[in-house]
Amino acid sequence: MGHAHVYAHEIMHRGRVPMEPADFVPDWADRPRKAKFHPDAETLPLPAPPPPATAPQPVPGFTLPLLAGMLGDSYGLTGRRLAVQANTDLAALPHYTHANWSRGTASGGGLYPVAVHWAAGPGGPLTPGLYHYAPHRHGLRRLLTGDVTGDVREALGPRAGAAGRATQYLVLSVKYWQNAFKYNSFSFHAVSMDVGALVQTWRLWAAQYGLRIDPVLWFDEERLARLLGVTPEDEGVFAVVPLTWQGAPEPGHAAATGATTRHRDLERSRRVLEFETLRRIHGATAGRAADRPAPGALDAAAALPPRGADPLPLPAPPAPPVTVTRALRERRSSFGRFDASRPVAAGQLAALLADCAATRYGTEAEPPGSPALTSLYAFVNHVEGIAPGTYAYDRAAHTLRPVRPGPPGPFLQRSYFLSNYNLEQAGAVLVPTVRTTAVLDGVGDRGYRLVGGAVGAVAQTFYTTAAAHGLGAGVALGFDNISYIEELGLTGTDEAPLLIMLAGHERPHPADFRHEIA
């Protein structure tokens with residue numbers, strides 16, 4: 001049993017046995033930047049994105065405007081928001097240095113620790129090289145000139161399949177301190193979900209144009225860390241995303257260069273702390289291409305059949321009334337603004353359940369047609385035509401199976417640690433579960449990154465679908481996981497509830513300030 005099993009156990013029990021360091025207090029005055037900063041690198045502005053697609057528009061591949069649109073709608077800054085709400089950081093937000101800049105992708109604590117790099121090869125619109133996406137400027141910082149796609153292919157290894165034949169790659173890394181300054185040992189769990197949320201935004205966005213986003217998780221991580229010029233223990237490389245490029249030539253056989261960028265991120269914090277638990281889980285999950293899972297390795301970790309009593313039919317999910325781009329622009333966390341006097345429509349709940357259940361991370365360990373890894377449960381408080389209670393969702397039949405009758409509000413609120421939500425006021429609380437230990441048994445310790453990414457992808461779908469259907473939404477990790485196992489009747493199984501997702505109508509006439517910048 002690898003260390004990822006130990007870390008998974010600590011995560012599940014942290015509501016009852018605090019993770020070390022238990023007395024940690026963040027130094028907010030010395031917090032890091034929310035994005036990497038390369039002071040001497042040239043920044044190239046990105047072009048205007050194409051008009052939002054109102055209907056699917058298949059294209060043969062990405063172009064620079066399409067890539068600019070996907071980056072901007074996912075991690076780019078789209079506006080400044082300020083509202084009267086219940087989150088604990090409300091007092092700081094009116095100050096410009098603590099401004100809340102909205103983005104299409106969700107992130108735990110609004111920290112956005114994922115760095116996006118583009119390894120641009122031949123046939124693209126830019127000089128081949130390595131670029132970093134600067135979200136605060138919506139531009140590309142040139143870190144290195146020269147074709148390094150051979151280095152990426154070498155890191156992917158000989159069994160990379162179609163991913164090894166691309167000419168353009170996005171490489172996703174996480175600078176741990178951007179999250180660990182607040183969440184310490186818990187941060188690895190959070191950033192794994194952040195990567196999944198970003199990838200899922202790209203999958204939703206690219207699907208409008210008939211394009212696929214298939215992340216690769218198994219590769220020579222140390223080799224790519226050298227290319228990015230980062231210390232592997234301080235910054236993990238979590239995913240490589242090959243891009244289908246419009247008009248790209250046949251992939252050449254560019255040799256690996258062994259290059260490394262001379263541009264380094266300039267740290268803002270005067271004092272950077274190290275956490276032994278974080279270093280151990282990073283080391284346990286550091287990837288190697290040779291460890292790539294064999295086909296079917298995750299079959300034994302598939303979601304279990306839904307349990308519960310006689311099924312309750314759900315209405316067909318209505319089509320989303322707005323585009324993906326509009327939904328991403330409207331996405332936000334509701335932070336205590338739910339209003340139980342306006343119940344959620346059964347069709348809205350059906351859309352949330354169906355979209356979340358259909359979500360896949362889409363890694364090389366999950367080929368098309370493979371069984372789903374996530375199960376979905378619903379705590380129903382205030383939904384038209386559905387009695388309050390706890391249900392399991394049957395994705396195949398699109399039904400709810402009763403697990404426990406009666407209003408779940410008292411349990412939900414009792415098991416929540418924070419003060420930024422009243423869970424009883426939400427129309428419904430959805431809970432995705434993953435058989436974490438079975439995934440780790442099937443594909444090894446690096447599977448912990450897959451587990452977090454899979455659940456993060458579901459959370460991003462939840463946010464996007466809720467926004468598209470006019471619902472408020474929130475995702476939270478501050479709850480007693482073991483209590484949920486007991487309440488859902490999962491004791492004795494390996495299903496792990498890793499986050500909770502709240503949806504409902506918000507109170508009318510909110511006191512909001514909004515300034516759109518994109």
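Residues numbered from 1 in each chain as written. Predicted model: local features only at pLDDT ≥ 70, side-chain atom pairs only at ≥ 80, totals over all residues. Heavy atoms only, no water.

**Quick notes on the overall build of the protein**
- A tally of regular secondary structure across the protein gives 13 helices and 17 strands.
- Relative to the globule expectation of 24 Å for 518 residues, the C-alpha radius of gyration of the protein, 22 Å, shows essentially globular dimensions.
- Counting only C-alpha atoms, the protein reaches 65 × 50 × 50 Å along its principal axes.
- With 518 residues in all, the protein has 57% of them scored as buried.
- Expressed as a percentage of contacts within the protein between residues at least 6 apart in sequence, the contacts between residues at least 24 apart total 81%.
- When the accessible surface of the protein is summed, it comes to about 20200 Å², and 55% of that surface belongs to carbon and sulfur atoms.
- Computed over 47 positive and 46 negative side-chain charges, the inter-centroid distance for the protein is 4 Å. (Helix = DSSP H or I, 4+ residues; strand = E, 2+ residues; numbered from the N terminus. Rg over C-alpha atoms; globule rule 2.2 N^0.38 Å. Buried < 20%, exposed > 50% of the residue type's maximum accessible area, 1.4 Å probe, protein only. Contact = heavy atoms within 4.5 Å. Areas by Shrake-Rupley, 256 points an atom, 1.4 Å probe, with all protein chains shown as cover. Lys, Arg positive; Asp, Glu negative; His and termini not counted. Charge placed at Lys NZ, Arg CZ, Asp CG, Glu CD.)

**Some thoughts on the packing of helix α11 (residues 436-443) against helix α12 (residues 447-468)**
- Where α11 meets α12, the axes come as close as 8 Å, and the angle between the chain directions of the two elements is 140 degrees. Our classification of the angle between α11 and α12 gives oblique. Judged by the sense of rotation from one axis to the other, the crossing of α11 with α12 is right-handed. Between α11 and α12, the residues in contact are Thr436, Val439, Leu440 and Val443 and Gly447, Tyr448 and Val451, respectively.
- Here the residues of the contact of α11 with α12 are counted per class, giving 5 nonpolar, 2 polar and no charged. (Axes fitted to C-alpha atoms, helices over the stretch in contact; angles between N-to-C directions. Parallel < 35°, antiparallel > 145°, perpendicular 65-115°, else oblique. Left-handed = near helix turned anticlockwise from the far one by under 90°. Nonpolar A, V, L, I, M, F, W, Y, C, P; charged D, E, K, R; others polar.)

**Section: the nonpolar core**
- Among the nonpolar cores identified, the biggest contains 130 residues, and Phe62, Trp118, Trp202, Leu349, Ile500 and Met501 are the most heavily contacted of them.
- The contact partners of Trp202, leaving out residues within four places of it in the chain, are Met70, Leu71, Ser74, Val116, Leu170, Leu172, Ile213 and Val241.
- In terms of nonpolar packing, the next biggest core, distinct from the first, is built from 23 residues, Val171, Val216, Ala225 and Val240 among them. (Core = buried A, V, L, I, M, F, W, Y, C linked by side-chain atoms within 4.5 Å.)

**So, the pairing of strand β16 (residues 500-504)**
- Among the 5 residues that make up β16, 5 are buried, leaving the element largely enclosed by the rest of the structure.
- Across the two faces of β16 the burial is the same, with Ile500, Leu502 and Gly504 and Met501 and Ala503 all buried.
- Note that strand β13 (residues 428-435) and β16 share 3 bridges and pair antiparallel. Its bridge partner being in β16, Val429 is matched across the sheet by Leu502.
- With 5 bridges joining them, strand β14 (residues 472-476) and β16 adopt antiparallel strand pairing. (Pairing = 2+ DSSP bridges.)

**Topic: the packing of aromatic side chains**
- Applying the stated criterion to the full structure yields 21 aromatic pairs.
- Between the aromatic rings of Phe24 and Phe275, the centroid separation amounts to 5.4 Å while the plane-to-plane angle is 85 degrees, which identifies the pairing as edge-to-face. Taken together, the residues span a long stretch of sequence, with Phe24 in the loop between α1 (3-13) and β1 (42-45) and Phe275 in the loop between β8 (235-243) and α7 (276-285) at a distance of 251 residues. As far as burial versus exposure is concerned, Phe24 and Phe275 are alike and both buried.
- Measuring from ring centre to ring centre gives 6.4 Å for Tyr176 and Phe238, while their planes differ by 70 degrees; the resulting arrangement is edge-to-face. One end of the pair, Tyr176, is in the loop between β7 (168-175) and α4 (177-183); the other, Phe238, is in strand β8, with 62 residues separating them in the sequence. Here Tyr176 and Phe238 have matching classes, each one buried.
- Chaining the aromatic ring pairs together yields one cluster made of Tyr7, Tyr176, Phe188, Phe238 and Tyr448.
- The ring centre of Tyr463 lies 4.8 Å from the NZ or CZ of Arg331, which sits over that ring.
- The ring of Phe219 carries the charged tip of Arg446 above its face, separated from the ring centre by 4.9 Å. (Phe/Tyr/Trp six-rings, centres within 6.5 Å; stacked < 30°, edge-to-face > 60°. Lys NZ or Arg CZ within 6 Å of the ring centre and 35° of its normal.)

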